[in-house]
Amino acid sequence: MTSVTGAALSASLGASVLAASAGAVLPRRIRPVAAGIGTAAAGAAAVVAGVAAMTGRSWSAWLPELLPLAGVRLAVDPLGGLFIAVTGAVAVCAAVYGVGYARPADGHGGHGLDGRTVQAVLPLFVAAMLLVPAAASVSTFLVAWELMALASLLLVVAEHRHRESVGQAGLWYAVMTHLGLVAILAALAGLAAAAHGESFDRMRAAAEGMSPAVRGAVFVAAFAGFASKAGIVPLHVWLPRAHPEAPSHVSALMSAAMVNLGVYGIVRVGFDLLGGGPRWWWLLVLAAGAVSALYGILQAAVATDLKRLLAYSTCENMGLVLVGLGAGGLLVTADARPLAALALTAALLHVVNHSAFKTLLFLAAGSVLRATGLRDLDALGGLRTRMPVTTAMFAVGALAASALPLGNGFVSEWLLLQSLIGSLGEGGTITAVTMPVAVGALALSAGLAVATFVKAFGTGFLARPRTPQAEAAAESPAAMGVGMGAAAACCVALALVPAFTVPGLARAVQVVLPGQDAVAGQVTLRLAAASSTMSPLLIAVGVAVAAAALLALLRFATTWRVRRRARLWDCGMGPMTARMEYTATSFAEPLQRVFDDVLAPETDVNVTPLAESAYLVDSVSYRARVGDRIESRLYRPLIAAATAVGEAARRLADGSVHRYLAYGFFTFTGVLIVLAVTR
Amino acid sequence: MKDLLRKIRKTGRVAEDPPERPAESAPDALRELGGSVQLRHVDAGSCNGCEVEIASVFGPVYDAERYGARLVASPRHADALVVTGPVTRNMEMALRRTYEAVPAPKGVIALGDCARNCGVFAGAYGVVGAVRDVVPVDVEVPGCPPEPEAIVAALRGLTGR
Ligand code: SF4
């Protein structure tokens, strides 16, 4: 069957392969340009395919020869189309940006990003991410998933020659992503076994008749696996390590496109293949989402590494999406389908919005990193005059990410809030208890997000440069500006006229909840289920008019006053130095103190007295660090235990051939005995 | 809380009754301040004796805020400066800049003998001169240190209350 969707998806995959081969064989001089153009074309074609699927042009194909035994089974429905379109759009921005980013910057030298590996693997990574939502059978899905994991791993460690920490980050990522794969593999294999077939259609049909225990086990395993990809607390530990260390356009692809596929997996398996489930599933999802949102944004609020901050913000946003999914599932069990559809629409819209602003923010952070070699907010500052384009771009992204009106994050969080508030009366005690808590978590995380991004923008870009590197920063090449500009344009469009996504989102939601239309309207969004409306465009016009009026009034009020030019007040002494500025650490200090019990910051004060007297101080050193508590409390003991087991297991292999033969013999006999007994 | 309330009731009012209103003595430039003068205190090199008296002027007993005078935290918020001590070399530029930072109309009170004529510090190696030598002075309060009553009277002269 041929259709626009199929043709565009094939074109996109073809373009990725071409771009990958261009990246592998062309000479270094033209390699980034050729691969970048190819990847951007692939992304654009994917957007076409995804949008076509979201307008109802579903497509499916079976290529039995491509994979041995199972064949490749593809199907694009509106739900998959949504994720394909988002991935494609992120890929376009990142690819265009990558053309400039790979060029060596003056002063900081190349990061080797125009090497063959990176240039060839990046298009493959995009292709794999496009295949995941298009897969329609377990084997195809897992192959695409693993391809995606491996490609992203190669990209994460691209700069391992330049920084020690890259290797560590790669290790964490590799382990976490493969543990996730094991969980997903177990879940899908179990589901396929219970359904006696591995195509998604088959599983969908058979899911009704399965025992609740099997369904529950499948869901929990799949949820764990997909949540680890989506960076949900406590499976998030790879995210704040891998995102900062990966090249920035790769961070953007990972944080804005790849983590979405975790959400996709949860929706696909939980809602679609299993056809929904009992209440406890969704309470689990909701709780994980709320915890992730709060923990993520708290860590982001106290982070000083710009890209680490953005990575934690991804944890937060994916948590919010999961709150939406959990609420949706819960409402389905309470038989409040219109509200459930609203919650799901909000969640999916938030996926789209998050992708737009997180792409923008990571690209802008990369631009700063390339120009200064710094990610530490405490060392930046003063970029507004030196990198005006990047600053403007980051400002747009920060506004969006802080979920304030005029930003696109606001629209989806508002929808989510409406669905949560609307569901207070539905579904008895459980919802009556959980929903207010969820509303509280949502509100708190939105508030902390504002503080986080005020900090990131204020200390990173405004004021005066705190280091010579920041002082010497220069604006990035045009290609990077174009990449960021495209992402910013998406943010603005999504913020002002979000209604253009509504029909597509409605179709995507209808895949799992047939017959529901949660949101309507062109300029004003109307929510029938929560009986409320909002018009982002009118809000924007209102704010613009009010701001213009206020400015005019101020102008008018001061016309009859004499203006006096005065020195900046610096306590009479001056000059003010950059050391006097608020730093990211000092800005976050009150928050850190409030949430002391959760964050458990480590501070070290070392006072060295003079040799002559213990009362005279020679020097004082102060060190403060906010580590990831979950990592140190949960993962360190696990790693220590695994290491101990590994050490112990080594004693089994002492090099004696006789012993090895004995192992083989006894194992074989053991298996035979077990078989003989059980059969 | 109950203890606190009881304490408040038992202590009652400690502020002294306001003495007769002194004759208006505000310089013309400051008349338009209309009964409310915000003050920024600058220690230009004082021995801190004057500061102790200023503290008691704004304490509960003399309570100068009754008459519309108030200490503020920045010259940008102030109408007038209260300068104590002789102007030392280290504070000369700071005093000039502080004076520039006060929005017009503005005034300067030289408080204490040191501020008026360098007092006991006259001729010391670190002293630039009296306050008058650095910024224009409108009101002077003599004494080493001046008594709170004298300071209050000078402030009431400015506020006209
Ligand atoms: S006037 Fe007297 S009390 Fe005031 S600063 Fe001078 S020496 Fe000290």
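Residues numbered from 1 in each chain as written. Chains lettered and ligands numbered in written order. Predicted model: local features only at pLDDT ≥ 70, side-chain atom pairs only at ≥ 80, totals over all residues. Heavy atoms only, no water.

Chemist: Explain the overall build of chain A to me, and be specific about the residues and the numbers.
Modeler: When its secondary structure is counted, chain A shows 25 helices and 7 strands. Since a compact globule built from 679 residues should have a radius of gyration of about 26 Å, the 27 Å found for chain A is in line with a globular shape. Oriented by its inertia axes, the alpha-carbon framework of chain A measures out at about 95 × 70 × 60 Å. Going through the 679 residues of chain A one by one, you find that 53% of them count as buried. Long-range pairs, those at least 24 residues apart, make up 78% of the contacts in chain A with a sequence separation of at least 6. The averaged location of the 35 negative side-chain charges in chain A is 5 Å from the averaged location of its 46 positive side-chain charges. (Helix = DSSP H or I, 4+ residues; strand = E, 2+ residues; numbered from the N terminus. Rg over C-alpha atoms; globule rule 2.2 N^0.38 Å. Buried < 20%, exposed > 50% of the residue type's maximum accessible area, 1.4 Å probe, protein only. Contact = heavy atoms within 4.5 Å. Lys, Arg positive; Asp, Glu negative; His and termini not counted. Charge placed at Lys NZ, Arg CZ, Asp CG, Glu CD.)

Chemist: A description of the sheet that holds strand β3 (residues 519-520) of chain A should follow, citing residues and the corresponding values.
Modeler: In sheet architecture, strand pairing relies on hydrogen bonds along the backbone and comes in two forms, parallel and antiparallel. Residues and elements named next belong to chain A. Overall, antiparallel pairing links the 3 strands, which are arranged β3-β4-β5 in an open sheet. Of all the strands in the sheet, just β3 and β5 (532-534) have a single pairing partner and so form its edges. The pairing of strand β4 (residues 525-527) with β5 spans 3 bridges and is classified as antiparallel. Directly across from Arg 526, in β5, lies its bridge partner Thr 533. (Pairing = 2+ DSSP bridges.)

Chemist: Residue-level account of the packing of aromatic side chains, with values.
Modeler: How two aromatic rings sit relative to each other is set out by the distance from centre to centre and by the angle between their planes. Applying the stated criterion across every chain yields a total of 20 aromatic pairs over all chains. Relative to Phe457(A), the ring of Phe394(A) lies with its centre 6.4 Å away and its plane at 5°, an arrangement referred to as stacked. Highlighted residues: Phe394(A) in helix α15 (residues 388-401) and Phe457(A) in helix α17 (residues 428-461), separated in sequence by 63 residues. An aromatic cluster is built from Phe219(A), Phe223(A), Phe271(A), Trp280(A), Trp281(A) and Trp282(A), whose rings are joined through pairwise contacts. Looking at Lys106(B), its charged tip hangs above the ring of Tyr99(B), at a distance of 4.4 Å from the centre. For Arg156(B), the ring lying beneath its charged end belongs to Tyr67(B), and the centroid distance is 4.2 Å. (Phe/Tyr/Trp six-rings, centres within 6.5 Å; stacked < 30°, edge-to-face > 60°. Lys NZ or Arg CZ within 6 Å of the ring centre and 35° of its normal.)

Chemist: How would you summarise the sheet that holds strand β2 (residues 69-71) of chain B if you had to cite specific residues and measurements?
Modeler: Residues and elements named next belong to chain B. With parallel pairing, the 5 strands of this open sheet are ordered in space as β2-β1-β3-β5-β7. Every interior strand has two partners, whereas the edge strands, β2 and β7 (139-141), have only one. Taken pair by pair, the neighbouring strands of this sheet meet at an average axis angle of 25°, ignoring direction. Sheet analysis places strand β5 (residues 107-111) next to β7, joined by 3 bridges and oriented parallel. Residue pairing for β7: Ile 109 is matched across the bridge by Val 139. In this fold helix α3 (residues 89-101) packs onto β1 (37-43), β3 (80-84) and β5, with an angle of close to 170° to the strand it touches most, β1. Strand contacts of helix α5 (residues 148-159): β1, β2, β5 and β7, with the helix running at about 165° to β7, the strand carrying the most contacts. (Axes fitted to C-alpha atoms, helices over the stretch in contact; angles between N-to-C directions.)

Chemist: A description of the interface of chain B and chain A should follow, citing residues and the corresponding values.
Modeler: Across the contact, 12 residues belong to chain B and 8 residues belong to chain A. Across the interface of chain B and chain A, roughly 750 Å² is buried in total on both sides, 50% from carbon and sulfur atoms. For the interface between chain B and chain A, the tally reads 0 salt bridges. The tally of links from chain B across to chain A stands at 3 residue pairs in polar contact (both at pLDDT 80 or more). (Buried area = accessible area lost by both parts, 1.4 Å probe. Salt bridge = Lys/Arg side-chain N within 4 Å of Asp/Glu carboxyl O. Polar contact = N/O pair within 3.5 Å; in protein donor to acceptor, adjacent residues only side chain to side chain.)

Chemist: Could you give me a rundown of the nonpolar core, with the residues and numbers involved?
Modeler: All names here are of chain A. Of all hydrophobic cores here, the largest spans 202 residues; its most connected members are Phe 141 and Leu 325. Top contributing element to this core by residue count: helix α13 (residues 337-372), with 23 residues. Ignoring sequence-local partners within four residues, the contact set of Phe 141 consists of Val 132, Ala 135, Ile 184, Leu 188, Phe 200, Phe 226 and Tyr 264. (Core = buried A, V, L, I, M, F, W, Y, C linked by side-chain atoms within 4.5 Å.)

Chemist: An account of the site of the ligand is requested, with residue identities and associated values reported.
Modeler: Around the ligand, a shell composed of Ser46(B), Cys47(B), Gly49(B), Cys50(B), Gly112(B), Asp113(B), Cys114(B), Gly143(B), Cys144(B) and Pro145(B) is seen. Of all elements in the fold, only α2 (49-57) and α4 (113-117) of chain B reach the threshold of two or more residues within the shell around the ligand. (Near = heavy atom within 4 Å.)

Chemist: Summarise the side chain of Arg241(A); cite the residues concerned and give the values.
Modeler: Residue and element names in this part refer to chain A. If you trace the backbone, Arg 241 turns up in helix α9 (residues 239-245). At a separation of 2.5 Å, a polar atom in the side chain of Arg 241 contacts the side chain of Glu 631. Those residues in contact with Arg 241, other than ones at most four positions away along the chain, are Gln 168, Ala 169, Trp 172, Glu 631 and Arg 636.

Chemist: Quick one: what's the story with the domain arrangement of chain A, residue by residue and with numbers?
Modeler: In terms of domain boundaries, chain A breaks down into domain 1 (332-554) and domain 2 (629-678). For domain 1 of chain A versus domain 2 of chain A, the separation of C-alpha centres amounts to 49 Å. (Domains from an automatic or database assignment.)

Chemist: Account for unusual backbone geometry, naming residues and giving values.
Modeler: A negative phi angle is the norm for most residues apart from glycine, just as the trans form is the norm for most peptide bonds. Here the amide bond leading from Val233(A) into Pro234(A) is cis, since omega sits at 5°, within 30 degrees of zero. Structurally, the position occupied by Pro234(A) is in the loop between α8 (212-230) and α9. Looking along the chain, the bond that leaves Cys144(B) and enters Pro145(B) is cis, with omega of -10°. Within the secondary structure layout, Pro145(B) lies in the loop between β7 and α5. Positive phi outside glycine occurs at Cys571(A), with the angle close to 65°. Secondary-structure assignment places Cys571(A) in the loop between α21 (536-558) and α22 (584-594).

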